[in-house]
Amino acid sequence: MMRKLLSGLALGALVFAAACKPPKYIKYMSESGDFATEVPWGWSVYLDRQGDDYYNYTFVGPFEPEFHRGVPTLQVRWYGKDRIHSLPDGALEAYASPEDYVAKTLRDIYGSERAMVQEPHRISVAGWAATHFVVVSAMPVPSTMSFGVSEDRAGKQSVVLRQHAYAVVPMDTGFYVLIYPATRAGYPKYEEQFNYLVNKFQTLKDGPAGPALKP
């Protein structure tokens, strides 16, 4: 179930309501207290959670016509290892490891015609050896769709040219996935915000049901 959360983002808005210039970013902590990061000021946050096995926080920005459906987002997901969860279409999925997630995502979501802006490589996120990559892939969409449509294949098929960035952070009982699901045209608009979310990401527990981590 997708829920809109009133949290630090909304609370902070009250603090700065009296004609003060708002900050560019605001600190955000998850419901379970397992992660904290900083996200763009004024963005809404929605949570899709399936127990302690899976969740998806979606931070939603202002309307941007270059983005798919006109909606720029940043996402933080948790996947428990080998834990099954359902997708919006009713299908089920599970991943054995961060490496399994990366391989299946590139194969099943983006396909053989994908182009890699950055191949999977190691970066440090919250002191963990995370995997970062950026992929470009065309996704067919209905001809009636306008926002985010960037190409038309020989005048026969409308597509969205996706450019998505990932940072996959391994933990003992699962892994986090930080995602910037942009389009090729819209990607530069919030690339900085995604990088900031990644650089400020803190792991406080081993997942939503795990023990607190030592500082």
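Check the entry above for the structure.
The sections below set out a description of the structure shown in this document. (Residues numbered from 1 in each chain as written. Predicted model: local features only at pLDDT ≥ 70, side-chain atom pairs only at ≥ 80, totals over all residues. Heavy atoms only, no water.)

**Let's talk about the overall build of the protein chain**
So, point 1. When you go through the protein chain residue by residue, the secondary structure sums to 3 helices and 14 strands.
So, point 2. Looking at the protein chain residue by residue over its 215 residues, the buried ones come to 46%.
So, point 3. For the protein chain, the share of sequence-separated contacts (at least 6 apart) that also reach a separation of at least 24 residues comes to 51%. (Helix = DSSP H or I, 4+ residues; strand = E, 2+ residues; numbered from the N terminus. Buried < 20%, exposed > 50% of the residue type's maximum accessible area, 1.4 Å probe, protein only. Contact = heavy atoms within 4.5 Å.)

**Let's talk about the pairing of strand β13 (residues 174-183)**
So, point 1. Taking burial as the measure, the 10 residues of β13 include 9 buried ones, the bulk of the element.
So, point 2. With 6 bridges joining them, strand β6 (residues 73-80) and β13 adopt antiparallel strand pairing. By the bridge assignment for β13, Gly80 is matched with Gly174. (Pairing = 2+ DSSP bridges.)

**Regarding the packing of aromatic side chains**
So, point 1. Overall, the coordinates contain 24 aromatic pairs when judged by the stated rule.
So, point 2. Taking 4.7 Å as the distance between ring centres and 10° as the angle between the ring planes, the aromatic pair formed by Phe133 and Tyr166 counts as stacked. With a gap of 33 residues between them, Phe133 in strand β10 (residues 128-140) and Tyr166 in strand β12 (residues 157-170) connect regions that are remote in the sequence.
So, point 3. The class of Phe133 is buried, set by a relative accessible area of 0%. (Phe/Tyr/Trp six-rings, centres within 6.5 Å; stacked < 30°, edge-to-face > 60°.)

**Concerning unusual backbone geometry**
So, point 1. Although it is not a glycine, Arg69 sits at a positive phi angle of roughly 60°.
So, point 2. Relative to the assigned elements, Arg69 resides in the loop between β5 (54-60) and β6.
So, point 3. With relative accessibility at 57%, the residue Arg69 sits in the exposed group.
So, point 4. A positive phi angle, close to 60°, is found at Asp82, a residue other than glycine.

**Looking at the pairing of β6**
So, point 1. Most of β6 is tucked away: 8 of the 8 residues are buried.
So, point 2. Both faces of β6 are covered, namely the face carrying Thr73, Gln75, Arg77 and Tyr79 and the face carrying Leu74, Val76, Trp78 and Gly80.
So, point 3. As judged from the 7 bridges shared by β5 and β6, these two strands associate in the antiparallel manner. Bridging from a neighbouring strand, Thr58 pairs with Gln75 of β6.

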